[in-house]
Amino acid sequence: MTTTKPSGLAGIVAGETAICTVGHEGNSLNYRGYSVSDLAEHGTFEETAYLLIYGKLPTKTELKQYQDQLKALRGLPQNLKAMLEQIPASAHPMDVLRTGCSALGTLETEGSEHSQINIANRLMACFASMLFYWYHFSKSGRRIETQTEDASIASHFLHLLHGSVPEPIFASALDASLVLYAEHEFNASTFTARVVASTLSDFYSAITAAIGALRGPLHGGANEAAMELIESFHSADQAESGLLDLLAKKQLIMGFGHRVYKTSDPRSQVIKNWSRKLSEKNKNMSLFEISERIESIMWREKKLFPNLDFYSASAYHHLNIPTNMFTPIFVIARTSGWAAHIIEQRANNKLIRPGADYTGPAPRDWLPLDKR
Ligand code: ACO
């Protein structure tokens, strides 16, 4: 029997998971039963990553051990540094992480010495190291030390980028955003990771493929695209007229809309609060005011609401993070969710291989070259 499938598998339940619910009670998002707002407000990214990967919140002692373990995993092998040095400064940072992840898989191959959980922790701990080793070397030939003493992944990221330990408010803002980006059920990149894992491929292949899926502007790449839109306007009034033009031309406005949420994204208010706080701290409300105007026009004209990517753009900008580094932050955070899904997929594996409705020609006879 054939049925017409909704395009893009919208609304199709493609499997079971105990990791996350999206939009179950209205517009909620829960990681293993805990609301994302509680996790972002009261906890740290390391607690969330532990929850996703190990299945429970860590005790105080477990958290301390986990933080120390992650801290010890920030260094890069010499061979990986040599490979990163070959990547030109013009490369996109997402391509650097995709390549770095795959390259590490040739040096610390999955097996008895490197278990799936160890690799998950290793990648989360050293993605920022890869990124900024390449960044500083390709820009200025500087070979930076990536093993910092920062307490968190967020602080390590900002430290390597700017060359100094960040103020606590900046590290906390980035930390909250990592919690918000950590996990989101069967989104495109996570589903990609599960498909790769379902072939019994290795952990690095699944994460490398997921990075590729995340890179596109309909998924993770939207935070970069949102920033480009916001900073193309100089005032809220100009944003209003510019946006109406774009809508009249039926253009997609990046950072708005969602496949699952229909009236709001529960992560958006949390990151919007951070965006406001950082704008106030930096005494520059311009991007925030432009963003708020865009938000109100999108609701008035299209009943579309900002997703997590929209206010992440201005928040990251106020952390002085280059725009093309926005989606790599998403990679660092989402590695925790991808890892949880790969582990879950492997625990009860079945090859993911859906069918398709055929729309091509009926069976026909082979034609020799001189008859075509
Ligand atoms: N700007 C303008 N119109 C939009 C937008 C948008 N951002 N999003 C949806 N629409 C319109 C569509 O054009 C479509 O209109 P139509 O019915 O007149 O053709 C209608 O709303 C339904 O949209 P779909 O694209 O069918 O919705 P879908 O569920 O397939 O897409 C998606 C969801 C991809 C997120 C979409 O809203 C979009 O492209 N948004 C912009 C990209 C973006 O922000 N991505 C980030 C996703 S969240 C994340 O990764 C953290």
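Above this note sits the structure.
This one's a predicted model, so the numbers in the text were calculated from it and none came from an experiment.

Visitor: Just checking my understanding: could you explain the site of the ligand for this structure?
Guide: Taken together, 19 residues lie near the ligand, and Ile253, Gly255, Phe256, Arg259 and Asn307 sit nearest. Backbone polar atom of Leu218 to a nitrogen atom of the ligand: 3.1 Å apart, as the coordinates give it. Phe256 places a polar main-chain atom, nitrogen or oxygen, 2.9 Å from a nitrogen atom of the ligand. Compared with its free state, where it exposes 910 Å², the ligand has 63% of that area covered by protein.

Visitor: What is the right way to look at the pattern of salt bridges in this model?
Guide: Any two side chains of opposite charge can pair, so long as their charged atoms come close to each other. Taken as a whole and judged by the stated rule, the model has 17 salt bridges. Between Arg267 and Asp265 there is a salt bridge, with its nearest N and O atoms 2.9 Å apart. Residue class for Arg267 comes out buried when judged on its relative accessible area of 5%. Residue Asp265 is classed as buried on the basis of its relative accessible area of 4%. Its salt-bridge partner being Glu292, residue Lys272 comes within 3.1 Å of it at the nearest N-O pair.

Visitor: In this structure, what is going on with the sheet that holds strand β1 (residues 20-22)? I would like to understand it.
Guide: Consider a sheet: its strands pair through backbone hydrogen bonds, and that pairing is either parallel or antiparallel. Taken in spatial order, the three strands make up an open sheet running β1-β2-β3, and their pairing is antiparallel. In the strand order of this sheet, the two ends are held by β1 and β3 (34-35), each with one partner. Examined bridge by bridge, strand β2 (residues 29-31) and β3 share two bridges and lie antiparallel to one another. Residue pairing across strands places Tyr31 opposite Tyr34, the latter belonging to β3.

Visitor: In this structure, what is going on with the packing of helix α2 (residues 45-54) against helix α3 (residues 60-71)? I would like to understand it.
Guide: Packed helices, taken two at a time, are described by the angle their axes make and the gap between the axes. Put simply, α2 and α3 touch, their axes get as near as 10 Å, and they point 95° apart. Overall, the two elements α2 and α3 adopt an arrangement that is roughly perpendicular. On the side of α2, the interface is formed by Glu46, Glu47, Ala49, Tyr50, Ile53 and Tyr54, while α3 contributes Glu62, Leu63, Tyr66, Gln67, Gln69 and Leu70. Of the residues assigned to the contact of α2 with α3, the class counts are seven nonpolar, two polar and three charged.

Visitor: Explain the side chain of Glu224 to me, please; I cannot follow it from the model alone.
Guide: Along the chain, Glu224 turns up in helix α11 (residues 222-230). A polar atom in the side chain of Glu224 sits 3.4 Å from the side chain of Thr327. Those residues in contact with Glu224 that sit more than four places away from it in its chain are His92, Thr323, Asn324, Phe326 and Thr327.

Visitor: I keep staring at the nonpolar core and nothing clicks. Help me out?
Guide: Nonpolar side chains tend to gather and get buried jointly when the protein is soluble and globular. One finds Phe127, Met130, Phe132, Phe157, Ile294 and Ile321 to be the most contacted residues of the largest nonpolar core, which totals 110 residues. It is helix α6 (residues 116-140) that contributes the most residues to this core, 14 residues altogether. Taken domain by domain, the makeup of this core includes at least three residues from each of domain 1 (18-217 + 325-347) and domain 2 (222-318).

Visitor: How do you make sense of the packing of α11 against helix α15 (residues 308-318) when you look at a structure like this?
Guide: With their axes 8 Å apart at the nearest point, α11 and α15 run at an angle of 70° to one another. Relative to α15, the element α11 is oriented roughly perpendicular. The two elements α11 and α15 cross, and the hand of that crossing is right-handed. Of the residues in α15, those touching α11 at Ala222, Asn223, Ala226, Met227 and Ile230 are Asp309, Phe310, Ala313, Ser314, Tyr316 and His317. Its residues assigned to classes, the contact of α11 with α15 shows seven nonpolar, three polar and one charged.

Visitor: Teacher, can you tell me more about the side chain of Asp265 here?
Guide: Mapped onto the secondary structure, Asp265 falls in the loop between α12 (236-248) and α13 (266-281). Within polar-contact distance, the side chain of Asp265 engages the side chain of Arg267 at 2.9 Å. In this structure the side chain of Asp265 is engaged in a polar contact, spanning 2.9 Å, whose partner is the backbone nitrogen of Leu308. Leave out the neighbours within four places in its chain, and Asp265 touches Phe305, Pro306, Asn307 and Leu308.

Visitor: Looking at this model, I keep getting lost on unusual backbone geometry. Mind explaining?
Guide: Working note: non-glycine residues mostly have negative phi, and peptide bonds are mostly trans. Despite not being glycine, Glu185 shows a phi value in the positive range, around 55°. Even without glycine at this site, Lys303 takes up a positive phi of about 55°. Structurally, the position occupied by Lys303 is in the loop between α14 (286-302) and α15.

Visitor: Just to check I follow, could you spell out the environment of Ala173 for this structure?
Guide: Following the sequence through the fold, Ala173 ends up in helix α8 (residues 168-181). Remark: the alpha-carbon pair of Ala173 and Asn223, spanning 50 residues in sequence, is separated by 16 Å. If we ignore the near neighbours within four places in the chain, the residues touching Ala173 are Trp274, Leu278 and Leu319.

Calculation criteria
Residues numbered from 1 in each chain as written. Predicted model: local features only at pLDDT ≥ 70, side-chain atom pairs only at ≥ 80, totals over all residues. Heavy atoms only, no water. Near = heavy atom within 4 Å. Polar contact = N/O pair within 3.5 Å; in protein donor to acceptor, adjacent residues only side chain to side chain. Areas by Shrake-Rupley, 256 points an atom, 1.4 Å probe, with all protein chains shown as cover. Salt bridge = Lys/Arg side-chain N within 4 Å of Asp/Glu carboxyl O. Buried < 20%, exposed > 50% of the residue type's maximum accessible area, 1.4 Å probe, protein only. Pairing = 2+ DSSP bridges. Helix = DSSP H or I, 4+ residues; strand = E, 2+ residues; numbered from the N terminus. Axes fitted to C-alpha atoms, helices over the stretch in contact; angles between N-to-C directions. Parallel < 35°, antiparallel > 145°, perpendicular 65-115°, else oblique. Contact = heavy atoms within 4.5 Å. Nonpolar A, V, L, I, M, F, W, Y, C, P; charged D, E, K, R; others polar. Core = buried A, V, L, I, M, F, W, Y, C linked by side-chain atoms within 4.5 Å. Domains from an automatic or database assignment. Left-handed = near helix turned anticlockwise from the far one by under 90°.

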